[in-house]
Structure formats: structure tokens, C-alpha cells
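# Structure assessment
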Amino acid sequence: MAEEESKNFSVELSEKGGIENKGFAQNEVLNEKECNASLQEEIPETCTVGISSAAVQSQDCEVLKPFAGMPKEVLLKFSRQARYRVTREILFWLIIASTPVLVGATIAIVAVSPKCLSWWQASPIYQIYPRSFKDTNKDGNGDLKGIQEKLDHIVYLNIKTIWITSVYKSPLKDFGYGVEDFQDVDAMFGTMSDFENLIAAIHEKGLKVIMDLIPNHTSDKHSWFQLSRNRTGKYADYYIWHDCAHTDGTITPPNNWVSVYGNSSWQYDEVRKQCYFHQFGKEQPDLNFRNSAVQEEIHDIIKFWLGKGIDGFSINAVKFLLEATHLRNEPQVNKSHNPESISAYSELYHDYTTTQVGMHDIIRSFRHTMDKFSTEPGRYRFMGTEANQQENIEATMMYYGTSFVQESDFPFNFYLINMENLSGNSIFETVSLWMKNMPKGKWPNWAVGDPSTSRIASRIGKEYTNVINMLLLTLPGTSTTYYGEEIGMENIASENVTFPEKSPMQWNGNLHAGFSEGNTSWLPVNPDYQNVNVEVQKTQPNSTLNLYRELNLLRNNELPIHRGWMCYIWNDSNVFVYLRELDGLDTVFIMVLNFGQESIIDLKALVSELPSEATIRLSTNFSNTGKVVNTKTIKTEKGEGIILEYKTRKTVHTMEAFQVKCFVAEKACYSSALNILYMHC
């Protein structure tokens, strides 16, 4: 009877040596005595599950092999076998041994990797004067919706950062720089909702936006000033007030300080019966930054706009934030002049009204507030400062901060704008001045135009527009392009216009150059708009617009131009020649830029390791692009610029003759084997 029951519960193995799962309970046990692991590969046996060994002594036992869906007990039986156990242990110890190697390799790669460029370093900045960019409501004034409508133009230029100049509520006495309300948009440009929609649209396109901040002064229409002139509460000391004599319309100011616009910087107020101080127009009283409450107000303004989603600020007129408290007369430039006749800003040394002790502490506090909004990955908040310390390069460089305390990401560089005479030598001297004085590890920047400076084509000649753009986009660092310079716009010729460089953007050949569909525009459009406009130049392969776009593509795509070394090769009255290269890459670019007359130079004689031939990668004359030229006779016409490309493994910056002629902002080297950048070349 027992034998029959045993047969009923016996399970035969398949002929192929496997075993089917017939739904047996998981606590069934295999007979270890009948299936010797060492014999499974050699001797077929018949195995039974869950019965006594006596019942199967006469049965053959077939080989038991792993099968899909095996119960835990079967799995454990095989896992104990030596071949599985040894393999498992080998893999385990390999993983243990490789973990510190992988961790060490990761740490090493991070340690030697150069700092990634931030968004404000990776692209030129496109500066927009909103009133002149695009009008959408037909009132003749550009507005925020107009900027939003034309964002695709920014994308077409391969630009990632937009700089919108002042749009604060303002009486527009100084084109928006005398602010009536720092937390509101002027109705001329739209509403706060329009601003928020613009920011959202900018970010949707993967762009960044910075805006102006003018902390030094307000409009005399600002509520703070109205409360201050009435000595109301804490606002009584928000501005700089001082007693002064006022007799029969004649003011006797406290000292000889003059405003940037000329004449005394003190203005008598009939309400308060005192004089207030203004470094700019009399409608723009200076705030008292020695009052901590005023500083806190500016911090709140910064927080307000960062909260709206902007990506950074250009902080205006920072050198004027503090004045000396002793109110002594500033020294005269020409001591022989009658002190009573002094009225021009240039007639005094401004030792007591600019760059006072404590000013940099205020700027650093702005940086500290902005850093609180920079903790989110990819949302670093940029801070640039407009100091314009033209007469003192060392003072300008102080706005970078120190190696221990960060200040601005960079002070805006106006040295090319203020350059008086154009030549290869003057360009070299201006570029070199910045690069050799810039603190180690800092990032340079360049600009040749802004809302208060005559346009390139009008200032130095339209034949130099393209070569200037080539300079800006191939120098190391971040360049700023003022709207319209990408198509070569000129000033409007009008005696009644205060700032002719602010003329409306020329979009097409329609009425008002496509700027407005209204009956008029706030400033007249330049008569050349039929030929100089975006729509026409898009269709012209040799246009200023398409050259600008190609230059920007080249900058974005080529590491040597993007973040490599710059070495000065040659300069004279006609040409400025420099080289861009990166350790580890064999591709080198040489820029030959003509700012004078026709010139022929022998590059091979200047750099002995230079190959005898090079290819013109890009030229201001598109017909020359792609040509192979002899490096012993490089010819350029007046205002022509060419970018030469060649291959070599011998870097110029390591050559003894060029040791003091080469600069790099943020050092990086390329590994072709690993396809990565690293620092320690």
C-alpha cells in the first residue's frame, strides 16, 4: 500500500533533464541523497520530490537542472553548489574592489574639470532700448509686447541673453533713468501683466533676461522724495539735504560740487527750505545711502524683480552711490581758473563725490541678496555694474571683487566705446589694457555701443561695422550688442534729436521700417531703412546680419574661440592680429582685422611654426570664405576682417616669444581620448 502511495506522489523528470513545476507546494524538498550535485552533468537519475528515499531506491534519477519558475527551495539547492557560489563571490569582491576605483575616478574627473561656463558667459548680450524696438499699440512708442513679438529675431541671431533698459514708471526726464516707482512698469511700455508675460515667453524660448537698476537716485516725483521734502518720519533722511542760502533767486550752495550735466549739483527746495544734492539732473535727487533704511529699500526692489523671474541686473552709476560727509570743495583741474566760473563736470577732480570708502560694501550687499535667488540649479542671477571709470583702469577692476569676496560678475567695459581714434594699434592697446589688468580667473566683456553713444557706422564709419562685429565675437569673454548694430544701423540725421542713436529698429521696408503701424513714431526712422533692415538682409548672403549670425555660430561651436587662449600676433596702424587656441585641440584660428588701409602682412615670419597655407573660415567679404591662402602674404582691404583656420599640435602660448602676449580667462584643455575638458594641461 505504501508502495502505491509512493508511486502516486512520484514525479518524473522530463527526458531532457529538466523538471516541470506542476504546482507543488514550496515546502517540498528534493532528495539530496538521490541527486548528487557532482553527478548531475554526467549521470542521469530519476528524482522524486517529497517522498522517502526507500521508495525510490530502484528508480533511475535524471539530472535536475534550473528551470523557469522554480520554487525557492530548488533555487537555494543550486545556489549552494560550488560553481555558483564561487562565481557569486568573485563578482561580489570585484564590485567591492571597483567601487573605490569608480569613486576615485569620479572625484578625479570633477577635480580636474574646468568650471562650466554660466549662461551669461556662453552668449553675447543683446541690449534693447524698449521705446525704439517695436510698437504694437500704434502709439509710436515701442513696448513690452513688441519685444515679445520679436523674440524670434533674438533666436535667429543665436543670442541667449537679452538686456532690457529701464522700463520703470518714470517722467522720462532722462529717458527713464529718473524713476518714480521702482516696482511698477511705465504705462508707455505696458502693464505689469505684459512684463510677466514677456518674462515667461523669454524663458520658454530658452533665453535669459537682465534689466537695469538705477539705485543712486530717484525722480523728484517719487513718493519717497515727496515725503522727504516734508520731513515725514523715516523719509526725512532718505535724500541728501543741507542748508544753503537762497536770496532773490540766487542760491549759495554748500560747496563747489557740480553735476554730470554741468552747473551746481545743489538745488534749493521751496518746501523744505534746504538744498538737495543731485549728481545728475535736478529732477533726479540722490538717495542717501548712508541711511540703512535706504539700502534696505533697494534690497527689497532687487527681491521684487528677481521674484518676477528676471535673471539679473545691470546696476547703473554705482560709483556715485556715496559722497563725502565733510562737504569740502573738490580740487580744480586747472587751479588758475576762477573758482566762481567753474560749471563743467570736467573742470573738477571728483575725489569726494565718486568711489567713496564703503561703496564697494554696498555693491557686495546687493550681490549677497542676489545670491539668495541663485541656489536653484540653472538659475544663477547675474550682476553687472556700470561704473565707467575710464580714467582709472585699476578702479574699474575693483568691481570684480576679490578672490575671497565676489562683487559683480563683471563691470561693463566701455573702453572700446570711448576710444577716440580707430587703428590697429588703438584696438590692440584698448584690448590689452583690459586683459592685462583683469584679475586672474575673471571674465572679460566688450561693448562698442549703448543708448547714449553714437552708433558704430556713424562714429567710425560704416565700412568698419562688420570688422568691429568680428572683433566683438572673437575676443574672449562676453560681448554686448546694442540693438540695430547687427544690421549696421546709423544715427538719424536730425538737429532736434538729443540721442540720434535711439532711432526705431528697422525691421522691413514698410512704413516706419515696420517699427510701428501708427501714423508716426516717437523718433523718425533713418531714411536708409529700405535697404538697411532685417527682412532684406536675411535674403542677402553677404549682409551684415548674416555675417553677425555666422560669427556667433562660429563662436558657439568652436572651443578655441569660445574659451581658449588669446595671443597677440601683430598690430600696426592698419591691422590687429590675434590667435585663439585651446590645449589638446589641433584647430587654431587667427583673426586678421583691418581698422585702417589696405595691408599685406607675413604671418609666417611672425609665427615660425605656422603652416605655409591656411583656410579662410570666415570673411567680412563672403566670397573669400573657404579660400586657401599663403600665410606669407595675407592681404586685407580697408575694413576687412578674415578668420584663418589651420591645424597644428604646437601651441603658440607655450612658445617663449609669446609668453607675455597670451591670456586666458578660464583655462581649459581638451582630451580627445576621453572627449572631455580638463584644467591641468
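Treat the numbers as computed from the prediction; the structure is a model and nothing was measured. (Residues numbered from 1 in each chain as written. Predicted model: local features only at pLDDT ≥ 70, side-chain atom pairs only at ≥ 80, totals over all residues. Heavy atoms only, no water.)

What follows is about the pattern of salt bridges. By the definition in use, this model includes 21 salt bridges. Residue Glu-270 is joined to Lys-273 by a salt bridge in which the shortest nitrogen-to-oxygen separation is 3.4 Å. The shortest N-O distance in the salt bridge between Arg-364 and Glu-407 comes to 3.1 Å. Here Arg-364, found in helix H9 (residues 359-371), pairs with Glu-407, found in the loop between helix H10 (393-397) and strand S13 (410-411); they are 43 residues apart in sequence, far enough to count as distant. Because the salt bridges share partners, they merge into one network encompassing Asp-361, Arg-364 and Glu-407. (Salt bridge = Lys/Arg side-chain N within 4 Å of Asp/Glu carboxyl O. Helix = DSSP H or I, 4+ residues; strand = E, 2+ residues; numbered from the N terminus.)

On to the pairing of strand S23 (residues 641-647). Of all 7 residues that make up S23, 6 are buried, and the element is covered over most of its length. Relative to S23, strand S18 (residues 587-594) runs antiparallel, the two sharing 7 bridges. Each residue of the ladder has a partner; that of Phe-589, found in S23, is Glu-645. Two elements, strand S20 (residues 613-619) and S23, share 4 bridges in a ladder whose sense is antiparallel. Among the inter-strand pairings, Ile-616 is bridged to a residue of S23, identified as Leu-644. (Buried < 20%, exposed > 50% of the residue type's maximum accessible area, 1.4 Å probe, protein only. Pairing = 2+ DSSP bridges.)

This next bit is on the confidence of the model for the protein. Mean pLDDT over the protein: 88, with 89% of residues reaching 70 or higher. Low confidence marks residues 1-60, where pLDDT is under 50. Its contacts with residues over four positions away, or in another chain, come to 83 contacts. (pLDDT = per-residue confidence, 0-100. Contact = heavy atoms within 4.5 Å.)

Attention now goes to unusual backbone geometry. If you check the backbone angles, Arg-231 has positive phi at about 55 degrees while not being a glycine. Accessibility expressed as a relative area gives 45% for Arg-231, which makes it partly exposed.

Attention now goes to empty space enclosed by the protein. This structure, assessed with the given rule, holds 6 cavities of 30 Å³ or more. When its volume is computed, the largest cavity comes out at roughly 80 Å³. Along the walls of the largest cavity sit Leu-416, Ile-417, Met-419, Leu-422, Ile-427, Val-448, Ile-456, Arg-459, Ile-460, Ile-468 and Leu-471, which together make up its complete lining. Listed by contribution, the elements that provide at least two residues to the lining of the largest cavity are helix H12 (456-461) and helix H13 (465-474). If one sorts the elements of the lining of the largest cavity by residue count, H12 sits on top with 3 residues. Looking at the lining of the largest cavity residue by residue, the class counts come to 10 nonpolar, no polar and 1 charged. (1 Å grid on protein atoms, 1.4 Å probe; cavity = no way out; pocket = protein on both sides within 12 Å on 5 of 7 lines; lining within 4 Å. Points joined across faces, edges and corners; volume = space filled by probe spheres on them. Nonpolar A, V, L, I, M, F, W, Y, C, P; charged D, E, K, R; others polar.)

By rolling a water-sized probe across the atoms, one finds the places where empty space is left. Counted as a void, the largest pocket has a volume near 880 Å³. Taken together, 31 residues line the largest pocket, and the ones lying closest to its centre are Phe-280, Asn-316, Asn-388, Asp-450 and Ser-452.

Glancing now at the state of the cysteines. Following the criterion strictly, the structure yields 2 disulfides and no others. Each disulfide pairs two cysteine sulfurs, and for Cys-244 the partner residue is Cys-275, the sulfurs being separated by 1.8 Å. Negative torsions about the S-S bond denote left-handed disulfides, and the value of about 80 degrees found for Cys-244 with Cys-275 makes this one right-handed. Here Cys-244 is found in the loop between strand S6 (241-242) and strand S7 (245-247), whereas its partner Cys-275 is found in strand S10 (residues 274-277), with 31 residues between them in sequence. Across the pair, Cys-275 and Cys-244 agree in class, each one buried. There is a disulfide in this structure between Cys-567 and Cys-662, and the S-S distance comes to 2.0 Å. Between Cys-567 and Cys-662, the S-S torsion sits near 115 degrees, and that sign places the bridge as right-handed. Here Cys-567 is found in strand S16 (residues 565-571), whereas its partner Cys-662 is found in strand S24 (residues 662-663), with 95 residues between them in sequence. For the pair Cys-567 and Cys-662, a shared accessibility class is recorded, and that class is buried. (Disulfide = S-S within 2.5 Å.)

This paragraph deals with the sheet that holds S6. For sheets, the rule is that strands pair by backbone hydrogen bonds, running either parallel or antiparallel. If you trace the 3 strands from one edge of the open sheet to the other, you get S6-S10-S9, paired in antiparallel fashion. Two strands lie at the open edges of the sheet, namely S6 and strand S9 (266-269), each paired on one side alone. Strand direction decides the pairing type here: S9 and S10, joined by 4 bridges, are antiparallel. Counted as the bridge partner of Tyr-268 is Cys-275 from S10.

As a further point, take the pairing of S18. Counting buried residues along S18, 8 of its 8 residues qualify, which places the element largely inside the surrounding structure. Of the two faces of S18, the one carrying Thr-587, Phe-589, Met-591 and Leu-593 and the one carrying Val-588, Ile-590, Val-592 and Asn-594 are both buried. Across 6 bridges, strand S17 (residues 575-581) lies against S18 in antiparallel orientation. In the strand pairing of S18, Val-575 is matched with Asn-594.

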